[in-house]
Amino acid sequence: MKRARALLVLLAAAGACPASAQTMLDQEQRLIQIHSLLLDLPPVQAPGALGPGQLSLRLEIIGIPHIDGTTGGKVQITASDRTSVFPRPRLALGLPAPEGFHTFVGLSYIPPIAINGVSTNYIALEGGIAWVPGPLSVGLRAHGLYALSKSPVTDPSTTDTLETWGFGGDLSGGYRFDLGPVSLTPYAGVGVVYVDGRFTVTSDAVVLTSQYTGVTLEAGLRLLMFRNWVVVAEVNSYPGRLVHASLLLAFQFDVWGK
């Protein structure tokens, strides 16, 4: 019973495509994977966007798509019934690089502040290099994350946990169109990701685990206004698991002279 209840609330935690698995174990693993992939979502940015000395302070608005909570003859409450978005702060810094290249490092952190009995302690690191000979940009990025989510999943009086590790890399390309005080950069990319999720039912110490390795696809449009203000819309796909749209709002500035 507790395993089944754990499955239902994992569904409530993840915005995703409906599960097509035929066994209970497949469904449990699939839902752990979807939750972990939501945490792994990339930084919503075009390749080579930051030059040397440019600092970007970002607030990414992560949307939660509709989730069908139908399980058997019942309709369960899901995450999309409660909220449609959640914010994720990020910081990224452009580093010195050879002529014609841009490099960067980035950090994202969410402190374990409980809201309605739910908290996530989350940290993600990334770094990359891009070839930028002109309007064209082609970039490589590596990333990793760790998250510990706590919530009363199986019983209102307990706090269950989902521990997630993940890492991967991607290759992307874009082209910048300069239009006076603004510029537009459409871009697309492909990559690979590995996530490892471990869900623990506190009351009886039952542990459900899942590992997933898969391809990632992305496409987006970056708008830079008056050199400092950035808006990016991006769609990410983990085929067979998750399709997701995100929006980035950012302010970037030079921390040292160019």
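What comes next is a walk through the structure.

Cut-off values and rules
Residues numbered from 1 in each chain as written. Predicted model: local features only at pLDDT ≥ 70, side-chain atom pairs only at ≥ 80, totals over all residues. Heavy atoms only, no water. Core = buried A, V, L, I, M, F, W, Y, C linked by side-chain atoms within 4.5 Å. Buried < 20%, exposed > 50% of the residue type's maximum accessible area, 1.4 Å probe, protein only. Contact = heavy atoms within 4.5 Å. 1 Å grid on protein atoms, 1.4 Å probe; cavity = no way out; pocket = protein on both sides within 12 Å on 5 of 7 lines; lining within 4 Å. Points joined across faces, edges and corners; volume = space filled by probe spheres on them. Helix = DSSP H or I, 4+ residues; strand = E, 2+ residues; numbered from the N terminus. Nonpolar A, V, L, I, M, F, W, Y, C, P; charged D, E, K, R; others polar. Phe/Tyr/Trp six-rings, centres within 6.5 Å; stacked < 30°, edge-to-face > 60°.

1. Thoughts on the nonpolar core
Judged by nonpolar contacts, L37, L38, L41, I62, V193, V195, Y212, Y238 and L242 together constitute the single largest core of 9 residues. Those residues in contact with V195 that lie beyond four places of it in its chain are S36, L37, D40, W165, G166, S210, Q211 and Y212. One finds V44, A46, Y187 and A250 within the second-largest nonpolar core, a separate group that totals 8 residues.

2. Description of empty space enclosed by the protein
The full count for this structure, using the stated rule, is 4 cavities of 30 Å³ or more. Lining the largest cavity we find 23 residues, and of these Q45, A46, P47, F104 and R141 sit closest to its centre. Residue assignment for the lining of the largest cavity shows that the elements contributing at least two residues are strand 5 (101-110), strand 6 (119-131), strand 7 (136-151) and strand 8 (160-175). Taken together, the residues that form the lining of the largest cavity break down as 11 nonpolar, 7 polar and 5 charged. In this model, the second largest cavity occupies a volume close to 90 Å³. As for the second largest cavity, its lining consists of 13 residues, of which P42, R141, D170, T216 and Y238 are closest to the centre. When contributions to the lining of the second largest cavity are tallied by element, the ones reaching two or more residues are strand 7, strand 8, strand 10 (182-201), strand 11 (206-225) and strand 12 (229-238).

3. Some words on the packing of aromatic side chains
Under the defined criterion, the tally for this structure stands at 4 aromatic pairs. Ring geometry for F167 against Y194: centres 5.3 Å apart, planes inclined by 40°, an arrangement best described as tilted. Within this pair, whereas F167 is found in strand 8, its partner Y194 is found in strand 10, the two being separated by 27 residues in sequence. For the ring pair W229 and F251, a centre distance of 4.8 Å and an interplane angle of 65° mean the geometry is edge-to-face. Linking W229 in strand 12 with F251 in strand 13 (residues 242-254), this pair joins segments that are 22 residues apart in sequence. Since its relative accessible area comes to 29%, F251 is described here as partly exposed.

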